Structure formats: C-alpha cells, structure tokens
Amino acid sequence: MRPSAARFALVRSCQALVVGAFLVTPSVAQETTRLALDGLDQPVEILVDQWGISHIYAETEHDLFFAQGWNAARDRLFQLELWRRQATGTVAEILGERELERDIGARLFKFRRDLEQELNHYHDRGAAIIRAYADGINAYVAQTEADPDLLPPEFDLLGITPGYWTPDVVISRHQGLLGNIGQELATGRRVAEFGAETVKALSTYGPGDPLLELDSALDGSALSEDILGLYNAFRGSVQFRPEDIVDTARRGDADAFAMLERAAADAASVVAYDVEQDIGSNNWVVDGSRSESGYPMMANDPHRAQGAPSLRYWVHLVGPGWNVIGGGEPSLPGVSIGHNEYGAWGLTVFSTDGEDLYVYETNPTNPDQYRYRGEWETMTVITEEIPVKGRSPHTAELKYTRHGPVVYEDTDRNLAYAVRAAWMEIGGAPYLASLRMDQAKTWEEFREACNYSNIPGENMVWAGRDGTIGWQSVGIAPVRRNWSGLVPVPGDGRYEWDGYLPIIAKPHVVDPPEGYFATANNDLIPRDYEHMDAVGFAWSDPYRWLRIVEVLDSGTRFSMADMMRLQTDELSLPARQIVPFLEYVELEGPAEDARRILLDWDWVMDRDSPAAAVYAALEAELRARVRDRLVPEGMSMNVSLRKVIETLVIPPGSWGADPLAARNELVGDALRSAVGAVTRKVGSDDVASWQYGGADYHHARLRHPLGNAVDATTRELFEAGPTPRGGYGSTVNQTGNGDNQTSGASFRIIVDTSDWDRSVGMNTPGQSGDVRSPFYRNLFDHWANDDFHPVYYSREKVEAATAVRIDLTPGR
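Criteria and thresholds
Residues numbered from 1 in each chain as written. Predicted model: local features only at pLDDT ≥ 70, side-chain atom pairs only at ≥ 80, totals over all residues. Heavy atoms only, no water. Buried < 20%, exposed > 50% of the residue type's maximum accessible area, 1.4 Å probe, protein only. Helix = DSSP H or I, 4+ residues; strand = E, 2+ residues; numbered from the N terminus. Arc of directions from axis to C-beta. Contact = heavy atoms within 4.5 Å. Pairing = 2+ DSSP bridges. Axes fitted to C-alpha atoms, helices over the stretch in contact; angles between N-to-C directions. Parallel < 35°, antiparallel > 145°, perpendicular 65-115°, else oblique. Left-handed = near helix turned anticlockwise from the far one by under 90°. Nonpolar A, V, L, I, M, F, W, Y, C, P; charged D, E, K, R; others polar. Patch = residues over 30% accessible without salt bridge, like charges linked within 9 Å, V, L, I, M, F, W, Y side chains within 5 Å. Areas by Shrake-Rupley, 256 points an atom, 1.4 Å probe, with all protein chains shown as cover. Salt bridge = Lys/Arg side-chain N within 4 Å of Asp/Glu carboxyl O. Lys, Arg positive; Asp, Glu negative; His and termini not counted. Charge placed at Lys NZ, Arg CZ, Asp CG, Glu CD.

Draft legend 1. The arrangement of helix α16 (residues 560–567) in detail. Buried within α16 we find M560, D562, M563, L566 and Q567. The buried residues of α16 occupy one face: seen down the axis, they fall within an arc of 155°. Among the structural elements, β4 (282–286), β5 (297–301), α15 (543–552), β28 (747–752) and β29 (760–763) are those in contact with the buried residues of α16.

Listed below in structure tokens is the structure:
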C-alpha cells in the first residue's frame, strides 16, 4: 500500500473513533506517549484533554515555549507550512508562476528592521521566547524527516515537505487585520468620479465630519489602475487547483473545480459586503454586582474566517512565571485571549487607520526618483531571486520610498504609489504583544502590557479576580494633523504623520458605573475625546452591541448559562425595526402568508423558523433596493444596514410626492421578491413549512484549503458539514449573510473569575489540523448546536479529563 493510501485508511479509522467524544466521562481510555526530544533542557508533560486542549507543564521558560511550538506543529503542521511559505514569499516554489505576484508582495512588505529590537518588543525576553517556539516547530519538522508517516496527508497530496522556521516567520504580518488601504483607494475612486459630498452622504462616518476631498494635485482618473495588486496578492489566502495534486487518484476533475470556484466566488461577494458592514467580534465584562457568583465575568467570541482547520488554537501553558490558558493562532507563542490566575481578557477589532496610500510624481528621465519637498529623491531598490516551480527563478526589484513599499508604477503618467503602514514599524506582528498580557496580575499591569499591542487595533477588556473590570483600546495610531486618512494623498511632503499616539492614551474605561462594558466593533469614542486626529472613522453597524447592552442592562445577575445564551443570542434588532413597516403593505398569496408570519414573529433568527427564512431574504432585498435608490448609477458602493434603516424610517423627499407611500411600495415589492427567492431556493411556496437553517439555505460547511482541488471522497474527509445554522450578520451570534457561514465565532470563551475551572469554550471543527486525529472534527456538531465544553485549569481537573499524555524528555 502506498504511504498516502495508508494514511487515508488511517483517517477513516480515526474518524470513526470520535463519535460521542464530546463530554465523555473522565474514565475514557488514556493514551501515553514517551519521547526524547533534542533541544529540551528538562522533562515536559503535555496532557491533552478529551476536547483536544493541550496543557503543557514545563520546568523552564525555554522548555515551555519550545514545547508549545513542538505541540503546535504536531497538531497543525500543514497550516504552519502554508503560513511559513506565505511569510517567506516561497509559494510560487510549489505552485508555480500564478503565485509569483503573492511572493513579490510578501517580500516587498517583509519586516527589514532590527530583529532583536523587534522580538524584544513583545516581551522583555521576547527574542528567547520566539526562538524557542521556532526551535520547537523545527524539532517536530526534523521528526517528520526521520519518520515521514508523521506528515499529515496534505503533504503527500501536494508532493511537498515542511520547511524550517526562523523568528522572521513568526513575526510576519501577512495574515493580520492590518488596516483600511483597500477602502481608502475605493473611497478615493468614488470621490474622484462622484464628489466628496455624495460619498459622504452615502456613508456613516463618525465621530466628527472627516474630510474626503482629494488634493487638487492628484489625477483622480489614475486611481482606476490596479494599484494594490501586489498588496492584495500577498494578503489573500492560498488557492489550490486540481493540477497541484500529485496523487492523481485524489485529484479533482476540472468541471467540479470550476463549479466549486464559482460557488466560492459567490460566497466571496457576500463576504466582501460583510467585511464592510457586519463582520466583527463581541466581548464584554461584568463586575461582581452583575454576576451570580459576585465576581467579574468575561466573554469573548472573535469573528474571523471559518475553515478546517480553525484559525484559533487553544493551549494551556504552565511554567515558572506562567499559568495561562486560552486561544491564539498556532503560528504564535503565548495566548491572545484567555485567563491566568489573576484575570481574564478578550479582544474585538477597534477601528484604527494605520495605512495610507501615497501618490508620487516620478522623474520622467529616472522613474526610480520621486518628487519630495521640491527635489528628486531616489528610491531604495532591493533585488531578490524568487524560486518558481516549472521555470527559472524570477528576479524581483523591490522599491521603497521614504514612506514605504512601492506597490505600483504608472510609467505613462509618471506616477508611483507607495503604502505607508504603521504595522511595518517595530512591534507590528499581530497579537504577539499578548505575551505581556499573559503575565499581567492587575488592571494596571494589563494596561501597561496593552501599551505594546500595536497590531491589530483592538478593544481589550479585562475582568480581574480582585473585582476590577476595564476596557483599553489598542493599536498603533498615526496622528494626521491635516487630513482624514480616508483617501489617497500626494507623497510630496505636505501630508506627513506627526508621530503616533501613545496606546494608553487611546479611549479606555475602568470600573464603569453601569457594572459592565461591551464592545462589538462599533463606535465607542467619547464625544469629548481629545485625540480625534488619531482614531478611525469607519465602524460596524451598532446592532450586535445594542443587543448585548440591552441584555446586560436588564438588571439580571448573570450566571454562566446566561452568558452562554447571550453569546449565542439570535434576536435581530434590525428586524424589530423593519418588520413593522409591513403593517402598511397589502399583498396576496404566499407573499401575504409571509407578511403575516413576520408580523407574528419574535425577531429571533432561529434555524427552524419560517419567519427567519423570510426575513433574511427580505433584508437582502431591501439592502439592494435602497442602495439602488440612493447610489448614483455607475457607482460601485454598498450602503450600511444602518443607512438602509434610516432611509426607510425617514424616506427622502426625492422619492416622490408621497415618500411614505413610495417606501411602503418598496417594502411590499421587496417582500414579494424575497418570497420568490426563497421559493426557488427550497423548492416550495408553502411559507409555513420553510426552515431558515438547512443545506439549501443558511448552513455551515467548513472548507479546507485543498477542498476545491481534490476529489469528492477526499474532500469529505477534510471538510465538515453542511449543518443548519441560525443567526445572521447582525445578531450577536454572528453567522454572516450568505447561505454558507464563512465567518463568525469559531472560537468562544466565557470565564467566571470566581472559579477558573468553571470556564467554558469552543473551537470548531476541533483542535487538530491533522485529519487522522480524533480531535480534527470532534467539536463541529456541538459548535453547530451552540454548545460549549469545559476549559479546565487546575491540575486536578485536567488530570481527570486527560485523554492523551505525552512525556517529553531531553535528548542528547
């Protein structure tokens, strides 16, 4: 039997073991592995609990992070290899010329400053910690060289082997939530064609009234070029094709690939809209006056792309000075979201504009020179060789102005464009400064740790066992004295950042009088805030936050069960505002049935609800129809749901002699179209029989990076679902606005600081990224049912729930 065939046979046998694995009794059979590992100084114990969380116990700090890296590679090796190749600009080496632009972009935006200073930004011993982590990954890679059967099946399918890590890989910025450069260019294009006031009227910027006018020196028509091609290429996910699969028996056929790619493109169009409007995260803290236990509580569910394996990865790190448990990304040491003995913390995105697009006049006789303050400056040029599968290496010229990487040169117009990115400063690796948070003992120490958290812009919340709760917004924030940062500007010296705002000077709160604080990517800027020139202007719609606050302000003393219900709450506040408009509409047939069902509905986007099935389609129709009424012809721009609802509540006079009648007609037509759309989707016009959640409507299928490239049998092994889902883009349980949930909370955590062992969490489809592991998809069905599992912290509880024990001892 070929090695790959043997590994796939093992996949099927392992997957058969996971049935009923959730919340099994502690008497489950325990597997023990003993291994001598070069690079360790002292013995290390790894106890893997029955939900797949690794609890790592080490005697030295070096061994703790070495073992964390080794264990992450054991669970997520293929995911780590994709990260390494994206970070190093070597994807074209395995996939050929189609990935060359990505590799050029990755090298163009590579961190090239003082490495030691960079590593020690994240922790006083950051260099030692990050090197130990990379060494641990490399120790596992070395094991796979000695025993190729350790390699997950993806390596066989692609005919590749994993490479070795360096600290440069760990600090790569390629996958971070970095900034708004794409929106900045899109806004500039719209302003150039339709005017600043038109764009502003269609937007929901705030706080304040930001400037959108383009500088008169800019040629607005030039902005239509593919200026951000290199930037977008290096930031995008890797897409595999059937021809990449060397095992021809498992290669997908061209027709199936084309169909799957079309489906993915359709989903991406919905996601692109969601990125502007609905994607985000939730977190909140309550103090002891609001909790059943009398101690603070913290809840967090970050919303990122859904996939198999999960982006997030749970771990428990116990060693000298460390006892922290929670989630992060497998490529990073430490914990980003979680708790230690003293407090719990979580994060959501806080709008921070750390990118600007600069436009330069270049010298007609020397395109490597650009005009700055009336003189020609010469770009820095770095030459690199990029390996490309199937051809000779490509020689790339990487160019830089004083502001940053040159992403596009328009030689016909004698123009060049560069991105200035705050995340290219020292300390710009996403989430790595969490290493300092992991050891915080008080709110004051937590805030000091936050002062190092440059990327991403985040709302950090803290719940201390001492009773303190607080919020600190973080993220490196350029100070712009004379422009908003929302449109491109000339790079001639008139638009310069005036340094960075100290992070602890960003908005924050400690022990709010309400007894709680919640964030959901919404505008939380105090209206008297003194540094308005260093905050963003674009925020998510407020509906998730409003629902969270509505519940938290109810006067209830919250239990863990209450927190779990709130984190999976599916009541739609937009529906509560939109559905009453149907009182003024007269319809017939199935549309009238739908109208009556909606008017008798509780606004909950339950997966079994006929009304939710109608409403999701109705809201989508209203978004499109109001957009078409408001946005000038030829203008590519979505409008927020908030703007849609504002328009329906107070229709503009431009809608005719009787704007309210026009509004009612629009709502009625939208409902007729929505009913028709759902009828075609589910194959029946019996509205009362519809269900919102289902394979043909709102569901979750977690896609694998190789899913579109392999045959159907292999795809089913790698992917999870479909399974029915409730919620949508504007509910606390944020499941997106497309049929397939491609974003939302794959990871959840809720902590009651009165007893760390009462913490609960989730990570779908499972902790492992190796399809042969019983922990690959063991949590998927429970996540789909909005369940939680225990997250044990005490050694006693961990021991009782241990499924796998790994004893590591020093090698030679």
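Draft legend 2. Spotlight on unusual backbone geometry. Cis geometry is adopted by the peptide bond preceding P309, which originates at A308 and carries an omega value of 0°. Here P309 lies in the loop between β6 (304–305) and β7 (313–319). Cis geometry marks the peptide bond from G721 to P722, where omega comes out at 5°. On the secondary structure map, P722 appears in strand β26 (residues 720–724). Of note, the phi angle at D511 is positive, near 45°, even though the residue is not glycine. In this structure, D511 sits in the loop between β23 (508–510) and β24 (516–519). Assessed through its relative accessible area of 41%, D511 is described here as partly exposed.

Draft legend 3. How the structure looks around the sheet that holds strand β8 (residues 322–328). One open sheet holds the 11 strands; their spatial order is β1-β31-β2-β3-β7-β8-β9-β10-β18-β19-β23, and the pairing between them is mixed. Strands at the two margins of the open sheet, each flanked by one partner only, are β1 (31–37) and β23. This sheet shows a mean twist of 15° between the axes of neighbouring strands, independent of strand direction.

Draft legend 4. A look at the packing of helix α2 (residues 61–88) against helix α6 (residues 126–146). Look at α2 against α6: their axes get within 7 Å of each other, and the N-to-C directions meet at 50°. Judged by the angle between their axes, α2 and α6 are oblique. Every pair of crossing elements has a handedness; the one defined by α2 and α6 is right-handed. Residues E61, H62, F65, F66, Q68, G69, W70, A72, A73, R74, L77 and L80 of α2 form the contact with α6, whose own contacting residues are I129, A132, Y133, D135, G136, I137, A139, Y140, V141, Q143 and T144. For the contact of α2 with α6, the class distribution of residues is 14 nonpolar, 6 polar and 3 charged.

Draft legend 5. Structural detail: a negative patch on the surface. Where like charges cluster on the molecular surface, the negative patch consists of E444, E445, D466 and D511. Its location among the elements puts E444 in helix α14 (residues 443–450).

Draft legend 6. Inspection of the environment of V682 at higher detail. Tracing the chain through its elements places V682 in helix α21 (residues 659–682). Between the C-alpha atom of V682 and that of Y697, which follows or precedes it by 15 residues, the distance is 7.4 Å. Once residues within four sequence positions are removed from consideration, V682 is found in contact with W690 and D696.

Draft legend 7. Spotlight on the pairing of strand β31 (residues 802–810). Among the 9 residues in β31, 7 count as buried, and that is most of the element. Pairing geometry for β1 and β31, over 7 bridges, is parallel. Its bridge partner lying in β31, T32 is registered against R805. Pairing geometry for strand β2 (residues 44–49) and β31, over 6 bridges, is antiparallel. Its bridge partner being in β31, V44 is matched across the sheet by L808.

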